[in-house]
Amino acid sequence: MFHSAESTLRFQLQGLSCAGCVRRAEQAMAAVPGVESVSVNLATESAEVSTREIAESLPGLLGALRKAGYPAIEDELELAIEGMHCASCVGKVEKALMQVPGVLEANVNLAAESAHVRLLRGAVAEGALEQAVASVGYTAHRRNEGDGDAAEAEREAQRGKLKRSLILAAALTLPIFILDMGGHFIPPFHHWLHETFGQQNIYYLFFVLASIVQFGPGLRFYKQGFPTLLRGAPDMNSLVMLGTTAAWSYSVVATFLPGILPEGTAHVYFEASAVIITLILAGRFMEAIAKGRTSEAIRRLMKLQAKTARVIRDGETLELPIEQVQPGDEIQVRPGERIPVDGEVIDGQSHVDVSMVTGEPVPVKKTAGDEVVGGTINDSGSLRFRATRVGGDTVLAQIIRMVERAQSAKLPIQALVDRVTAVFVPIVIAVALLTFLVWYFIGPQPALSLALVNAVAVLIIACPCAMGLATPTSIMVGTGRGAEMGTLFRQGEALQLLRNVDVVAFDKTGTLTEGGPALTDMEMIEGFDEKETLALVAAVEDHSEHPIARAIVAAAEDKNLTLPKAENFDSHTGRGVTATVNGKTVTIGGPGLMKDEKIDLSAIQSRVDTLADQGKTPIFALIDGQLAAVLAVADPIKADTADTIRRLHDLGLETVMITGDNQRTANAVAKEVGIDRVLAEVRPDGKVDAVEALQKEGKKIAFVGDGINDAPALAQADVGIAIGSGTDVAIESADVVLMGEELAGVHRAIRLSRATLRNIRQNLFWAFAYNSALIPVAAGVLYPVMGLLLSPMFAALAMAASSICVLSNALRLRRFAV
């Protein structure tokens, strides 16, 4: 994990409050094997530890501090890395960062050209990370929140510079290619050139043009490849540099000093060196364009952030930069404008387009008391709201951070790539050298020329660009597409884990259902009017704060009924209520209260049983002692629940409902939506045990929930999926967050996970198959059988094409549909 041989490390602690804390923290660390001395400073809340080997002792130190209750404070930061081109670059940068004392984890993303670093606060000196990256030949600088525009401008500048180099290289290479290849394939053209200009003069022209390409646009390969070669850690730039330099140098000797070469071997390969550089620059330029597309989702999210806000202060309306908005400010938003920050509506009514944040296509009605999210668009009507979260605390800012973190993650499947690429380039150089020696000593004549050509082909074709791009590009596009649809992967690893789940377990209330009771049925007894009865019942229930009472009142309001005044209100604790309305005695309650009132329910008992079997709670209304109506209240099942369960079954998954409801109600809900298994009457603190029981069956579990009491179960499950409309605690405990209230996001997340992993496997297969198949071909193994050799120019074309294929395949995920 760590490679530093430093003997002393200083870092920050949390939880220190007295001298006793200092003593306990010091004792905990001193007990760790290898620790020589410990000093904890209460004033600075820091620890200084000396050990024989920091790398070996640090995991034990951190564990001891957590157990003692004084954990080390960890920070996370993003570094922008310049100069990386292949998987071996990634490995070298990660290794360099991990050698910095205090760095706990470093994940480098080739596609995003960034590094996500987790480190101990106070342990890493200013500039140490940048220096570590520079020591292996790359450039790094810290990437701060909100500098996305600057980063994109920088990438655009790099693309522009690459484009200019490509144009220059192509303009100079084209004459060489036409004259040389034209002479080979069109004999009359060859004779005309030879008679008009002379072969040697043509070689001089090739020398001038190829040299400008070699040390103009091609100079970048020397700047980056030569230092890494000297350090004994060559990268793909080293391979290109060695291959093109060999071809160019041999051609220079053949042009100016042909006599020192064996007879019959004085051939020039200026066209090979120039074409290789041009093709590789073309491949890199196309890669740069494709890489830009992989992070398009992040840029789109950043563009949702408003630049200014119309703030009302001291009765005056001010147009302020978004950075100056403070929590508590009143903000006015007119129709068609973007809501600048998160807040609570205090006046006005409108519909807000939330599709860009939650993925929900239908605008949502907003009135006083409703929350609004920064980045969404006010469709119609004017709203005045009070800012509650600004800056980095807004939902949109949190979404951007989640997506960036997921995109920088390294999946378990990447481990194989890391092991291969760690030794890949040195092996390729060895294979190229072996190829040269074999062809030179036992190959046919002209042995030297054939040895050179085949060795150069091996060097060029083996660049591991495709390997380095295979996983991160798919992760970036997949997580970005998920964000556009309101599915956020808080942990990148969830992409791989979610693909392997066998069972999807659901909390019921607020997850499968709307989360609050509603009046679902109202059966009238002959002789009573429905609207009048509902108005009388709601008038009584308006005096109660019980959720069922609120549901009945809400139903009356939905029908625009005017509620009369209720008097003499009396509550029968846990059984029902009674009041006088318009001179009539109205009593509302359950079967127990009806029994007390000696009401015969036998005539409607079958209907009451049916309602109960449907998971509904029957309520009885009496007017002046006579049964007037049977009402049913239930927590309504979400509109898309049944369809989501069916889609999960189509994916071959088992579904389970975990609920505290009684078995009869739980079974009714499960039957209605098609859930396979029911774990009912589970106490809030028993959901973790329920998930563990499912895991003990040898199954991988995804748990879907939204409440505070779901947080432990979300954490226990192999993958926790939180409904975004739920509590912050649940969201923080989850691996995947569904921003909308729709349950359809569950199967969408699983399908996206499977599509992304399938895409990664396709990319890795292509990258490995390409190198496994073509390196031997480039070395000439087919020559004895088929007389086939691979030209270095075609090797360069194949190498560039492999990276483009991987990137293009990853970009297909942008078309992932709901």
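Residues numbered from 1 in each chain as written. Predicted model: local features only at pLDDT ≥ 70, side-chain atom pairs only at ≥ 80, totals over all residues. Heavy atoms only, no water.

A closer look at the sheet that holds strand β13 (residues 364-366)
Spatial strand order, β13-β12-β15: 3 strands in an open sheet with antiparallel pairing. Each edge of the open sheet carries a strand with a single partner, namely β13 and β15 (377-380). Geometrically, the sheet is characterised by an average inter-axis angle of 45 degrees between neighbouring strands, direction not taken into account. Of the pairings in the sheet, the one linking strand β12 (residues 350-353) to β13 comprises 3 bridges and is antiparallel in character. Across the sheet, residue H351 finds its bridge partner in β13, namely K365. (Pairing = 2+ DSSP bridges. Helix = DSSP H or I, 4+ residues; strand = E, 2+ residues; numbered from the N terminus. Axes fitted to C-alpha atoms, helices over the stretch in contact; angles between N-to-C directions.)

Let's talk about the UniProt feature "domain: HMA" (unreviewed entry) in the chain
Per the UniProt record, the feature "domain: HMA" (unreviewed entry) sits at residues 7-73 and 75-141. Note that residues 7-73 is 40% helix and 27% strand, and that its end C-alpha atoms are spaced 20 Å apart. Its end C-alpha atoms 16 Å apart, residues 75-141 is made of 28% helix and 37% strand. (UniProt positions renumbered as here; feature names shortened; annotations may be inferred.)

Quick notes on the sheet that holds strand β9 (residues 316-321)
On the basis of which strands lie adjacent, the open sheet formed by 6 strands has the order β9-β8-β10-β16-β11-β14 and antiparallel pairing. Pairing within the sheet leaves two strands with one partner each, and these edge strands are β9 and β14 (371-372).

Details of the UniProt feature "transmembrane region" (unreviewed entry) in the chain
UniProt tags residues 165-186, 201-219, 239-261, 267-286, 420-442, 448-471, 764-783 and 789-811 as "transmembrane region" (unreviewed entry). Helix makes up 85% of residues 764-783 and strand 0%. Its end C-alpha atoms lie 28 Å apart. Span residues 789-811 is 87% helix and 0% strand, its end C-alpha atoms 33 Å apart.

A word on the environment of R143
Relative to the elements of secondary structure, R143 occurs in strand β7 (residues 139-143). What makes R143 partly exposed here is its relative accessible area of 24%. In this structure the C-alpha to C-alpha distance between R143 and P258, which are 115 residues apart in sequence, comes to 54 Å. (Buried < 20%, exposed > 50% of the residue type's maximum accessible area, 1.4 Å probe, protein only.)

Notes on the packing of aromatic side chains
A complete count under the given rule lists 9 aromatic pairs for this structure. Where F207 meets F270, the ring centres are 6.2 Å apart and the plane angle is 65 degrees; that geometry is what we call edge-to-face. Of this pair, F207 sits in helix α7 (residues 199-215) while F270 sits in helix α10 (residues 270-294), and the two are 63 residues apart along the sequence. Assessed through its relative accessible area of 0%, F270 is described here as buried. (Phe/Tyr/Trp six-rings, centres within 6.5 Å; stacked < 30°, edge-to-face > 60°.)

Description of the packing of helix α23 (residues 641-650) against helix α28 (residues 745-779)
At a minimum axis distance of 8 Å, the contact between α23 and α28 shows a crossing angle of 25 degrees. On the basis of their axis angle, the class for α23 and α28 is roughly parallel. From α23, T644, R647 and L648 reach across to α28, where they touch V746, H747 and I750. Here the contact of α23 with α28 is composed, by residue class, of 3 nonpolar, 2 polar and 1 charged. (Parallel < 35°, antiparallel > 145°, perpendicular 65-115°, else oblique. Contact = heavy atoms within 4.5 Å. Nonpolar A, V, L, I, M, F, W, Y, C, P; charged D, E, K, R; others polar.)

Concerning the pairing of strand β11 (residues 342-348)
Pairing between β11 and strand β16 (residues 383-389): 6 bridges, direction antiparallel. The residue bridging G348 from the neighbouring strand is L383, located in β16. As paired strands, β11 and β14 are joined by 2 bridges and run antiparallel to one another. Counterpart to G343 in the pairing with β14 is V372.

Regarding the pattern of salt bridges
This structure, assessed with the given rule, holds 25 salt bridges. We note a salt bridge from D643 to R646, for which the minimum N-O separation is 2.5 Å. You can see D643 and its partner R646 sitting in helix α23, 3 residues apart, about one turn around the helix. A single salt-bridge network, built from bridges that share partners, covers R310, E319, R334 and E337. (Salt bridge = Lys/Arg side-chain N within 4 Å of Asp/Glu carboxyl O.)

Considerations on a positive patch on the surface
Side chains of R499, R758, R761, R812 and R815 sit close together on the surface and give a patch of like positive charge. In this structure, R499 sits in helix α17 (residues 493-499). (Patch = residues over 30% accessible without salt bridge, like charges linked within 9 Å, V, L, I, M, F, W, Y side chains within 5 Å. Areas by Shrake-Rupley, 256 points an atom, 1.4 Å probe, with all protein chains shown as cover. Lys, Arg positive; Asp, Glu negative; His and termini not counted. Charge placed at Lys NZ, Arg CZ, Asp CG, Glu CD.)

Focus on unusual backbone geometry
Cis geometry marks the peptide bond from Q445 to P446, where omega comes out at -5 degrees. Structurally, P446 is set in the loop between α14 (414-442) and α15 (447-461). If you check the backbone angles, N560 has positive phi at about 60 degrees while not being a glycine. Residues other than glycine seldom take positive phi values, yet K598 does so here, at roughly 55 degrees. Its location among the elements puts K598 in the loop between α21 (591-596) and α22 (605-613).

Here we look at the side chain of T644
Looking at the element boundaries, T644 is found in helix α23. Overall, T644 belongs to the buried group, its relative accessible area being 0%. In this structure T644 touches L743, A744, V746 and H747, once residues within four positions along its chain are discounted.

Regarding helix α24 (residues 663-673)
When α24 is considered as a whole, its buried residues turn out to be T665, A666, A668, V669, A670 and V673. The elements touched by buried residues of α24 are α18 (508-512), α22, α23, β25 (654-658) and β26 (677-679). Looking one or two residues past α24, G674 carries a phi angle of roughly 90 degrees, positive in sign.

Quick look at the pairing of strand β3 (residues 46-51)
Taking burial as the measure, the 6 residues of β3 include 5 buried ones, the bulk of the element. Alignment of strand β1 (residues 8-12) against β3, held across 5 bridges, turns out to be antiparallel. The residue bridging Q12 from the neighbouring strand is S46, located in β3. Pairing geometry for strand β2 (residues 35-41) and β3, over 6 bridges, is antiparallel. Each residue of the ladder has a partner; that of V35, found in β3, is T51. Counted along the chain from β2 to the antiparallel partner β3, the turn is 4 residues long, and its residue E45 has a positive phi close to 50 degrees.

Digging into the nonpolar core
If you look at the biggest cluster of nonpolar residues, it comprises 141 residues, and the most contacted ones within it are L97, L498 and V746. Among the elements that line this core, the one with the most residues is α28, at 14 residues. (Core = buried A, V, L, I, M, F, W, Y, C linked by side-chain atoms within 4.5 Å.)

Focus: a nonpolar patch on the surface
A cluster of nonpolar residues, L433, L434, L437, V438, Y440, F441 and I442, forms a patch on the protein surface that exposes about 730 Å² of accessible area. Relative to the elements of secondary structure, Y440 occurs in helix α14. With relative accessibility at 36%, the residue Y440 sits in the partly exposed group.

Here we look at the packing of helix α19 (residues 530-541) against helix α20 (residues 547-558)
At their nearest, the axes of α19 and α20 sit 9 Å apart, and the two run at 135 degrees to each other. Between α19 and α20, the angle falls in the class oblique. As α19 packs across α20, the resulting crossing turns out to be left-handed. Packed against α19, whose contacting residues are L534, V537, A538 and E541, the element α20 presents A549, R550, I552, V553, A555 and A556 at the interface. Broken down by class, the residue content of the contact of α19 with α20 amounts to 8 nonpolar, no polar and 2 charged. (Left-handed = near helix turned anticlockwise from the far one by under 90°.)

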